[in-house]
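Results of the structural survey
Each chain, written out:
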Amino acid sequence: MSFHFNIKVLLARALSDLRIGFPVALQKDASIIAVLPIENASSDRIEEFLNSGESELVLTKRRASKLKARVYDKSIARIALPNQVKVSWVRALGDPSLDLQIPLKGPLTSKRGGDDTLQELSLELTRKARLLPAVLAKPTTQEVVQSAHLSLLNCNAFNESWQDPAHLTMVSKANIPLHESIQSTIYLFRETYAGEEHCAVVFGNPSPSQPVLIRHHSACFTGDVLGSLKCDCRQQLNLGISEIMKEGHGVLLYVNQEGRGIGLINKIRAYSLQDQGFDTVEANHRLGFEDDERDFRLGSEILHLLGFHTVRILTNNPLKVKILEEEGIKVVQRLPVIVKANKFNAEYLAIKAKKSGHLL
């Protein structure tokens, strides 16, 4: 029996392999590289990778700059590895939680010149897999790919699919009582690529022909569920639901992009760095991420699938408005979400306004 594996299936398999610390292969024209995630690959696997050919360490420019490594490429740095390098040293370069344990890691030599497309793609994949964006990479062959049973992604096909915003499917829905007099229905959506699940709650019976009031909310386990005082997420969520219920109808978009899109584990890593004195943006950069890794197109996709194309949005983030409009959702009004600061999140809110452009 034979199966046809299209790029979306191959991508899903590659992300799964990365999450369990298994290498994947990337191809552009005749060039093929194997990449291994630093975060969750076993020490034995890293050792084997290092001893089976010339490898390089690929980091984001954010992480590289924190390590004082030169960045010659647009968004990444390719670090040349010395002979007989230790696994612990390689891990420390990719994982900032080890910075204090292994502070002396340089000087580092960055490679320059040549095509870095595949290396850049490798970090895109690790981010999508919610891993630290740091990999070992080395040239390989089609024979090795086949004998090692590696997932192989073609760069050209991957880029075309990756930029396609239409990758959500509505998979289930049910009524869910959240208010005595307002009906509410929850809709669940699944990403084709990574299997991430997102939801929307439709309150009342909003008309698709009229601007619908929405709250575009990113999941926050520590805030929404535990009630953490470190952020304002739970307050914003409750206020958004309250305003929708006052109106009698509307939509809550609850998108599974924890920690501004870096995932819960990396978010807690960022919290640990904040305990060391870094602000929320600096912590993300030290981990190797950008200020905000969320894909706000997901919210617009959900709205399109639900049949809503004109909205009034409860948000302090102008980027959400911008992306919605770029994706064909007309925003007729932005309504601020005003919450009180406390001694634990006052600095966080100030940084969101200063560095992330939130209108607080």
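That block above? That's the structure.
Residues numbered from 1 in each chain as written. Predicted model: local features only at pLDDT ≥ 70, side-chain atom pairs only at ≥ 80, totals over all residues. Heavy atoms only, no water.

Notes on the overall build of the protein
The helix and strand inventory of the protein stands at 15 helices and 13 strands. Projected onto the principal axes, the alpha-carbon positions of the protein cover approximately 70 × 55 × 30 Å. The buried share of the protein, taken over its 360 residues, is 51%. Across the protein, the fraction of contacts at a sequence separation of at least 24, relative to all contacts at a separation of at least 6, is 66%. When the accessible surface of the protein is split by element, carbon and sulfur atoms take 52% of a total near 17,300 Å². Taking the average place of the 44 positive charges on the side chains of the protein and the average place of its 40 negative ones, the gap between the two points comes to 5 Å. (Helix = DSSP H or I, 4+ residues; strand = E, 2+ residues; numbered from the N terminus. Buried < 20%, exposed > 50% of the residue type's maximum accessible area, 1.4 Å probe, protein only. Contact = heavy atoms within 4.5 Å. Areas by Shrake-Rupley, 256 points an atom, 1.4 Å probe, with all protein chains shown as cover. Lys, Arg positive; Asp, Glu negative; His and termini not counted. Charge placed at Lys NZ, Arg CZ, Asp CG, Glu CD.)

Considering the layout of surface pockets
Each pocket or cavity is described by its volume, and for the second largest pocket that value is around 620 Å³. Considering the residues around the second largest pocket, the lining is formed by 37 residues, among which Cys231, Arg260, Thr280, Tyr348 and Lys352 are closest to the centre. The class makeup of the residues in the lining of the second largest pocket is 12 nonpolar, 13 polar and 12 charged. (1 Å grid on protein atoms, 1.4 Å probe; cavity = no way out; pocket = protein on both sides within 12 Å on 5 of 7 lines; lining within 4 Å. Points joined across faces, edges and corners; volume = space filled by probe spheres on them. Nonpolar A, V, L, I, M, F, W, Y, C, P; charged D, E, K, R; others polar.)

A few points about the sheet that holds strand S8 (residues 184-191)
Reading across the sheet, the seven strands line up as S7-S8-S9-S11-S10-S12-S13 and stay open at both edges, with mixed pairing between neighbours. Each edge of the sheet is formed by a strand with only one pairing partner; in this case those strands are strand S7 (168-175) and strand S13 (330-335). Strand-to-strand twist in this sheet, taken as the mean axis angle between neighbours without regard to direction, amounts to 25°. Pairing of strand S10 (residues 212-218) with strand S11 (residues 250-255) involves five bridges; the strand directions are parallel. In the sheet register, arginine 215 faces S11, and the bridge partner there is leucine 252. (Pairing = 2+ DSSP bridges. Axes fitted to C-alpha atoms, helices over the stretch in contact; angles between N-to-C directions.)

Structural notes on the side chain of threonine 140
Residue placement: threonine 140 occurs in the loop between strand S5 (134-139) and helix H6 (142-147). Ignoring sequence-local partners within four residues, the contact set of threonine 140 consists of Ile32, Ile33, Ala34 and Val145.

Quick word on the sheet that holds strand S3 (residues 56-60)
Reading across from one edge, S4-S3-S5-S2-S1-S6 is the order of the six strands in this open sheet, with mixed pairing throughout. The open sheet has two edge strands, strand S4 (76-80) and strand S6 (152-154), and neither has a second partner. Averaged over all pairs of adjacent strands, the angle between strand axes in this sheet comes to 30°, irrespective of strand direction. Sheet topology places strand S2 (residues 31-37) next to S5; five bridges connect them, and they run antiparallel. By the bridge assignment for S5, proline 37 is matched with valine 135. The strands touched by helix H1 (residues 7-19) within the sheet are strand S1 (24-28), S2 and S6, with S6 carrying the most contacts at an inclination of about 130°.

Comments concerning the packing of H1 against helix H5 (residues 117-128)
Two numbers describe how H1 lies on H5: the axes approach to 9 Å, and their chain directions differ by 75°. Compared by their axis directions, H1 and H5 come out roughly perpendicular. Seen from H1, the contacting residues are Leu11, Leu15, Leu18 and Arg19; seen from H5, they are Leu125, Thr126 and Lys128. Split by residue class, the contact of H1 with H5 holds four nonpolar, one polar and two charged. (Parallel < 35°, antiparallel > 145°, perpendicular 65-115°, else oblique.)

A look at the pattern of salt bridges
Applying the stated criterion across every chain, the model contains 18 salt bridges. Note that arginine 127 and glutamate 124 form a salt bridge whose closest N and O atoms lie 3.8 Å from each other. One end of the pair is arginine 127 and the other is glutamate 124, both in helix H5 and three residues apart, which spans about a single turn. Classification of glutamate 124 as partly exposed rests on a relative accessible area of 29%. For glutamate 243, the salt bridge goes to lysine 246, with nearest N and O atoms at 3.3 Å. Pair noted here: glutamate 243 and lysine 246 are both in helix H9 (residues 233-247), with a separation of three residues, about one helical turn. With relative accessibility at 26%, the residue glutamate 243 sits in the partly exposed group. Through salt bridges with shared partners, a single ionic network connects Glu54, Glu56 and Lys111. (Salt bridge = Lys/Arg side-chain N within 4 Å of Asp/Glu carboxyl O.)

What about the environment of methionine 170?
Inspection of the secondary structure assignment puts methionine 170 in strand S7. Distance from methionine 170 to leucine 306, taken between C-alpha atoms, is 9.1 Å for residues 136 residues apart in sequence.

Some details on the environment of proline 23
Mapping proline 23 onto the fold places it in the loop between H1 and S1. Under the relative-accessibility criterion, proline 23 is labelled buried at 12%. Counting along the chain gives 222 residues from proline 23 to methionine 245, while the straight-line C-alpha distance between them is 48 Å. When sequence neighbours within four positions are dropped, the list of residues in contact with proline 23 reads Val35, Leu36, Arg45, Phe49 and Leu150.

Things to note about the environment of glutamate 47
Looking at the element boundaries, glutamate 47 is found in helix H2 (residues 43-50). Overall, the relative accessible area of 35% leaves glutamate 47 in the partly exposed class. With 37 residues separating them in the primary sequence, glutamate 47 and glutamine 84 have C-alpha atoms 9.8 Å apart.

Topic: unusual backbone geometry
Of note in this structure, lysine 68 is not a glycine but carries a positive phi near 60°. Mapped onto the fold, lysine 68 is located in the loop between helix H3 (61-66) and S4. Positive phi outside glycine occurs at arginine 130, with the angle close to 65°. Within the secondary structure, arginine 130 is located in the loop between H5 and S5.

Regarding a nonpolar patch on the surface
A cluster of nonpolar side chains, contributed by Phe221, Val225, Leu226, Leu264 and Ile268, occupies part of the molecular surface with about 450 Å² of accessible area. Considering the arrangement of structural elements, one finds isoleucine 268 in helix H11 (residues 264-275). (Patch = residues over 30% accessible without salt bridge, like charges linked within 9 Å, V, L, I, M, F, W, Y side chains within 5 Å.)

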